[in-house]
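Commentary on secondary and tertiary structure
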Amino acid sequence: MNNYNFSRYAPKSSIDIGVFLCRCGGNISDTVDIEKLASSVDAKVVKDFENLCSMKCQKNIRDIILEEGLDRVVIAACSPITHEKTFRNHIAPLNPYLLEIANIREHCSWVHSDKNKATEKAVSLTNAAVERVQYARPLDAIVRKTKKSAAVVGGGISGITAALSLANQGVKVHIIEDKPTVGGNMIKIGKVFSPEKLAEECSLCLFNPLINEAVQHNNIDIMTNSEIKSSERKAGNFNLLIERKPGHVNEDKCTACGNCAEICPVEVPNEWNENLMTRKAIYKPFPQSVPDIYTIDDENCIKCGKCEKVCKMDAIDIKAKGEIIPLNVGSVIIATGHKGFDLKKRPEYGYGRYDDVISQMELARIMGVNGPTDGKLLRPSNGKVPRRVVMVQCAGSRDEKPEGKRYCSKVCCMVSLKHASFIKHYYPDTEIVICYTDMRTPGMYENYFRHVQSKGIKLVRGRPGDITKKGENIIVRLEDTLRREPLEIETDMVVLSEAMEPSEGTLKVAETLNVGLTEDMFVKEKHSKIKPVATDIEGIYVCGTAQGPKDITESVSQANAAASKVSEMINGGLEIEPTIAVVDGRQCVMCGECVAACKYKAVYIHNERISVDPVACNGCGICVSKCENNAIDVMGQTDAQIFAMIEGMLKDKKEGERRILAFVDYIGYVAADNIGINRISYPESVRIIRVPSINRLMPKHILFAFENGADGIFLGEYPDEVMYSSIQDKVNEFRSALIKNSIDTDRLMYYKVYAPYFRGLANKLTEFDKQVGKALDKLEAVLYKASYKDL
């Protein structure tokens, strides 16, 4: 085994340390022998108090620091999660980061009933803190102001809402939309349901004023036909490169007269109308599209030049090239929306084979006044008004079959009710049957459900298993699960309520910005309850259906929330903990491994040197373990501090005593505290050490621990983090190092930790203690056998 001498990190020759012990009103002193603890600690000053967190003790600690000229302070009391900030304030005028806390309440007195063992463990934890604090360095909190500008990716209702909110607060906003027009899905759906009015309202009438406001706003720049090609993070801001595809039509000259489209010889399916009609290669997506100009579809244009010749305004340039536009912004909001489920993946429904089997979005376009039938409900097959329409819910949603979506798409029930209500209003003789799995109409929508149902809509509970054609009509076969009988419905038209899926734009921008995705490939929020619009990357927020299925009301609320978080960053600035990665330029060889490893995009190359964005860095330490030249360290979690903590935890280990070091991240530490709060015991052998992430650890730390007497190493990490994917590789790396050094891998355990499952953590620590015991017994037997042979 290698020897890891960390003498090169040695602190200055004489450091005066003061240790302050808390009795915590008997919470600690009833179980831990404070006098024995005080006599076992090697420090210049050791004092004990009844309640260290009181204001009176704050003054006492400060007086002792000044009188004794102390350089560092150790507090042996309760959890740092509870009182670290309090005690940092207590040690002024010392730098607040020249403090270590030994948690002898949650990790000793509250989990161990044997006074001797609890006291011995308290001595061990306090000595470890003393060892570690010698290597503490003064640090200052980092304060950053972010640039007063933002990029909003996506020009649908969420993006426009977020952009307007920010622009009205004086923030410069760039809307980046990959299509030739803003508006997104809301513009296409024609009508929106209004539960409070029990009516269907015109979506264009609601949305168009907002779009116009955005167009005319001095603080908003709308970039259509554009997408983000690359993103770099620097000093709290984002350097984006935007690729703007050529539209070939000059926005300042085009009068949208349409002469170019009339003469264009190319006809292709019109995707804005769900391919139910055609458009020309030079086209305007819909009459009210913004910007109000024509654009050339490069993919289908044959470059005949007829449009160029007919344009009297000389607005068309077929040879125009795209451009790359650099943007520097303080924040990014992802509002890239969703797309509909590909219904051809459910061949049993006949979509794509039968003209009269359509999706809800296609029905929306058919009933849209600017759609293929000018708003008339007509069968695609024969252009007649259908006498009966069957709607099929959960087409792709709540679907366990291959390529199905297990989640509920949330809005499909309301969408089908909206369309059913609309049809009944204009075509009262048309019968509507909705085949449902469960009708989900929460809150106010329940009133809307009853309102629509009163119009004579028929509901059948059951999911069709087969849809076929019989003559000109369609047959829907299903089981009525309420009556428990098979049912066959003959109809003119079937409408499938398709699931919501992440849009291609969502997937692209997530990859470019390196934000995390959910299992269903939507943009993952940092925390669904307390940070519902934040992503894993500081300064990047998400709203609307880019984050998951939701309705317009929820999308607008979320967009306003995202804008308010951006505004908070801009106006309030950020005070960042200085426990971040730092790069030693003298050691760095610019290999770029750290840049590639950091999924927070905190490490970047600027002016031919590696830099760290303090806003984005969370000090996880993956960059440190990737650096072969020891050019990076994490402040507050330096190698010297980790080695010292390990050495301190194993100091004065007695013959036959077992000691296990449990390295846990922040969530793991909270779970360990919860074990103490709930007075659940686990073996006294376990010493909890808080690290920013298991990624911070390296094989040298693990081997150093075994070399200095550790009997086992426990690793605990919360799995729902963006850097979690590298943890398994890290654990495998540790196991390989153990094998190479002839150490039984049973002496290492990795466990996924969740704060609420603290009982599971306690059980796992107990299990590991037994596992280590068996491994040590096995080792002892091998050594005994070898020794016997020598004799």
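Residues numbered from 1 in each chain as written. Predicted model: local features only at pLDDT ≥ 70, side-chain atom pairs only at ≥ 80, totals over all residues. Heavy atoms only, no water.

It is worth spelling out unusual backbone geometry at this point. Residue A92 is joined to P93 through a cis peptide bond whose omega torsion reads 15 degrees. Within the secondary structure layout, P93 lies in the loop between α3 (80-90) and β4 (99-103). With an omega of 5 degrees, the peptide bond running from V290 to P291 counts as cis. Mapped onto the fold, P291 is located in the loop between β15 (282-283) and β16 (295-296). With phi around 55 degrees, A256 is a residue other than glycine that occupies positive phi space. Among the structural elements, A256 can be located in the loop between β12 (237-244) and α9 (259-263). Taking the relative accessible area as the measure of exposure, A256 reaches 19% and is therefore buried. Of note in this structure, N275 is not a glycine but carries a positive phi near 65 degrees. Looking at where N275 falls in the secondary structure, it is placed in the loop between β13 (267-269) and β14 (278-280). (Helix = DSSP H or I, 4+ residues; strand = E, 2+ residues; numbered from the N terminus. Buried < 20%, exposed > 50% of the residue type's maximum accessible area, 1.4 Å probe, protein only.)

Bringing the sheet that holds strand β37 (residues 712-717) into the picture now. Spatial strand order, β36-β35-β37-β38: 4 strands in an open sheet with parallel pairing. If you trace the sheet from one side to the other, it starts and ends with β36 (686-690) and β38 (748-752), each paired once. Neighbour-to-neighbour, the strand axes of this sheet turn through a mean angle of 20 degrees, independent of strand direction. Relative to β37, strand β35 (residues 660-664) runs parallel, the two being bridged by 5 bridges. Opposite F663, over in β37, you have L715 as the bridge partner. The strands that helix α19 (residues 666-677) touches are β35 and β36; relative to β36, the one it contacts most, it runs at about 140 degrees. Lying on the sheet, helix α21 (residues 727-740) is in contact with β37 and β38; it crosses β38 at an angle near 170 degrees. (Pairing = 2+ DSSP bridges. Axes fitted to C-alpha atoms, helices over the stretch in contact; angles between N-to-C directions. Contact = heavy atoms within 4.5 Å.)

Moving on, we get to the side chain of E431. Tracing the chain through its elements places E431 in strand β22 (residues 431-436). Overall, the relative accessible area of 17% leaves E431 in the buried class. Reaching out from E431, the side chain makes a polar contact with the side chain of K458 at a distance of 2.5 Å. The contacts of E431, once residues within four sequence positions are left out, are R387, R388, V389, K424 and K458. (Polar contact = N/O pair within 3.5 Å; in protein donor to acceptor, adjacent residues only side chain to side chain.)

Among the secondary structure elements, D711 is positioned in the loop between α20 (699-707) and β37. C-alpha separation for the pair D711 and L748, spaced 37 residues apart in sequence, amounts to 9.2 Å.

What follows concerns the domain arrangement of the chain. Domain parsing of the chain yields domain 1 (1-140), domain 2 (147-244 + 321-336 + 502-570), domain 3 (248-315), domain 4 (340-498), domain 5 (579-632) and domain 6 (652-677 + 693-790). Between the C-alpha centres of domain 3 and domain 6 the distance comes to 66 Å. (Domains from an automatic or database assignment.)

In this section: the sheet that holds strand β2 (residues 45-49). Through backbone hydrogen bonds, the strands of a sheet pair up, either in parallel or in antiparallel fashion. Strand order in the open sheet formed by 4 strands is β2-β1-β3-β4, with parallel pairing between adjacent strands. Strands at the two margins of the open sheet, each flanked by one partner only, are β2 and β4. Adjacent strand axes in the sheet meet at a mean angle of 20 degrees, parallel and antiparallel pairs treated alike. Strand direction decides the pairing type here: strand β1 (residues 17-22) and β2, joined by 5 bridges, are parallel. Note that in β2 the partner of F20 across the bridge is K47. Packed on one face of the sheet, helix α5 (residues 115-133) meets β1, β3 (72-77) and β4 and runs near 165 degrees to β4.

Right, let's talk about the packing of aromatic side chains for a bit. Following the criterion strictly, the structure yields 11 aromatic pairs and no others. Ring centres of F193 and Y445 lie 5.5 Å apart, and the angle between their planes is 90 degrees; this geometry places the pair in the edge-to-face category. In this pair, F193 is assigned in strand β8 (residues 191-194) and Y445 in helix α13 (residues 445-453), connecting sequence segments 252 residues apart. As far as burial versus exposure is concerned, F193 and Y445 are alike and both buried. Here the aromatic rings of W272 and F286 are separated by 4.3 Å at their centres, their planes lie at 15 degrees, and the arrangement is stacked. Of the two residues, W272 sits in the loop between β13 and β14 while F286 sits in the loop between β15 and β16, which places them 14 residues apart along the sequence. (Phe/Tyr/Trp six-rings, centres within 6.5 Å; stacked < 30°, edge-to-face > 60°.)

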